[in-house]
Each structure stands twice: as C-alpha cells, then as structure tokens.
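For reference, the chains in residue letters:
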Amino acid sequence: MTEAYNAGDFSKAAVAMKPVWEKYHEDDVDAVIFDLEEGSVTRAAGEFVTSITAFNEAWDRMSPYYDSAAETKVTEEVASAFTNQVVRTYRGTTYDRIMSSTYQALNYLDTNQAEKAGVEFVRARNWQVDAVDRERKRIDDENEAWKSQNSKGSAGYDPDKTLKSPTFQAQMNELYGPMSRFQGYADYEIPAATWMRGVFYFARGEPSDFEQARQCFVRVAGMLGETNGLPALADAQLAENVTTG
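Residues numbered from 1 in each chain as written. Predicted model: local features only at pLDDT ≥ 70, side-chain atom pairs only at ≥ 80, totals over all residues. Heavy atoms only, no water.

The number of helices and strands found in the chain is 12 helices and 0 strands. Going from N to C terminus, the chain has its helices and strands arranged as α-α-α-α-α-α-α-α-α-α-α-α. Every one of the 245 residues in the chain was classed for burial, and the buried ones make up 38%. Counted over contacts in the chain with a minimum sequence separation of 6, partners at least 24 positions apart contribute 66%. (Helix = DSSP H or I, 4+ residues; strand = E, 2+ residues; numbered from the N terminus. Buried < 20%, exposed > 50% of the residue type's maximum accessible area, 1.4 Å probe, protein only. Contact = heavy atoms within 4.5 Å.)

As a further point, take the packing of aromatic side chains. Considering all chains together, one arrives at 7 aromatic pairs under this definition. Pairing Y5 with F10 gives two aromatic rings, centres 5.1 Å apart and planes at 55°, and the pair type is tilted. According to the relative accessible area criterion, F10 is partly exposed, its value standing at 29%. Aromatic pair W59 and W127: ring centres 5.8 Å apart, planes at 70°, arrangement edge-to-face. Of the two residues, W59 is situated in helix α4 (residues 48–62) and W127 in helix α7 (residues 114–134); the sequence distance between them amounts to 68 residues. Overall, W59 belongs to the partly exposed group, its relative accessible area being 22%. Relative accessible area serves as the criterion here: at 3%, W127 is assigned to the buried category. By way of ring pairs, the aromatic residues F121, F200 and Y201 are connected into one cluster. Looking at R123, its charged tip hangs above the ring of W59, at a distance of 3.8 Å from the centre. (Phe/Tyr/Trp six-rings, centres within 6.5 Å; stacked < 30°, edge-to-face > 60°. Lys NZ or Arg CZ within 6 Å of the ring centre and 35° of its normal.)

As structure tokens, then:
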C-alpha cells in the first residue's frame, strides 16, 4: 500500500489497504491507526464514501479523549512500564485529530454535503483549541521569546507593513492586534486546516461567514510569519473587501 501510495497510484493503494483495514480496524490497540490510513488512502483514490466511513470510525474512537477524558488508562501505564509502548492504545496525535476532521470535511464537500462539512470544520477547530489549551504554557513561553527577540532590535514580524490599504491596516490592528502573537501557536495548530476552514466560510458566502473567513486568514498569516503568510494576508484582504462592498 505504501509503495503504491508514494508512487501516486492511489487506486492500487486503496485496493491494497482494504484487506488490511478489514482485518485490523477492530483491533483494541491500533484501530485508530488503520481507520486513519484507510480514510486517507481511499480519499486520495476518490472513494469518498469509503473514506467517510473510516474517518467516522476514527472519530468515534478519538472523540472520548477530547478535552476532559484521560489520555491513558492506569492499566495501560502500568503494563507499558513493565513491557513496552506497544500495549498502549493509540488514540491519535494532535495532528491526527485535526487533519482527520479536515479531510472528512473535504470528503463531505466532494459529496455535496456542505452542512456536514461545516460540522467537521468546527470539529477540526475544536481539536485545535483543545491542543492549545493543553500546551498553553509552552505557547505563552514561545510568544514571550518572540517578544524578547523583537525588543532587542531584530527585524521581527510586522505584517501590517505589507498591506497597501491604510484602512485595512487600522482595522486589523483594532480588531486583532499584532498578528505576530499567533506565531507560538504554529506548532500546536495546523495552519492548513485553519486556512481551509476560512476558504469554506468564504465560499459559503453569508455576511457573517466573511468575517469568520477573515479571522481564519489573519490567524494563518500570523502563524506562518512575514514571508510565508503573505498569501493568507491577501485572502484576508479579499474577505475584508467583500465585507465592505
């Protein structure tokens, strides 16, 4: 499966993956891994219904560990201490959770189910919020490091200077403050997932959606930095232009 996938033969990869998933997706320890692999491979092959099924199973297994539930069980911790990590149930990493919901949203868009896609984008956002809450101290420390570096005279990140519209600059500063404050989040969120959520809101086209889209794009620009964030800033400007007619 991996060889076919890496070679770009996604149909062949999906065929190879099917018996593996059927054999292991009910496994108590590794089921999430095989759900995610099946969902990703079949999505790449354009088998969206099959992919939806696999990602739904992954969600059912990962969702109890959103926010409040313990990440591990005491019995697993004790067992792994005396054996190895293999006995621990795989519950998905932060990026597994975020991207599985993002891929599922794209699956629903590909099958003309926009309302369900919206639900999945919200789930992806919630996974990101959960990750940020778990890593709040690290993020605060990283942002403080950015501030310290900038205060010592380095160029820093001032993305507002890249914008041509003084009105837009003023609005960005008023509504969001310096976008560089998002840089510490980049390791705990996935900018691509946030950007795709912004695209979804923009495409949906309701007045309130354009503002949500703009917020997503600004956040992405802040996470990526001055050079890499420029396309997202252009998207933010586009959303701003639409809101002002």
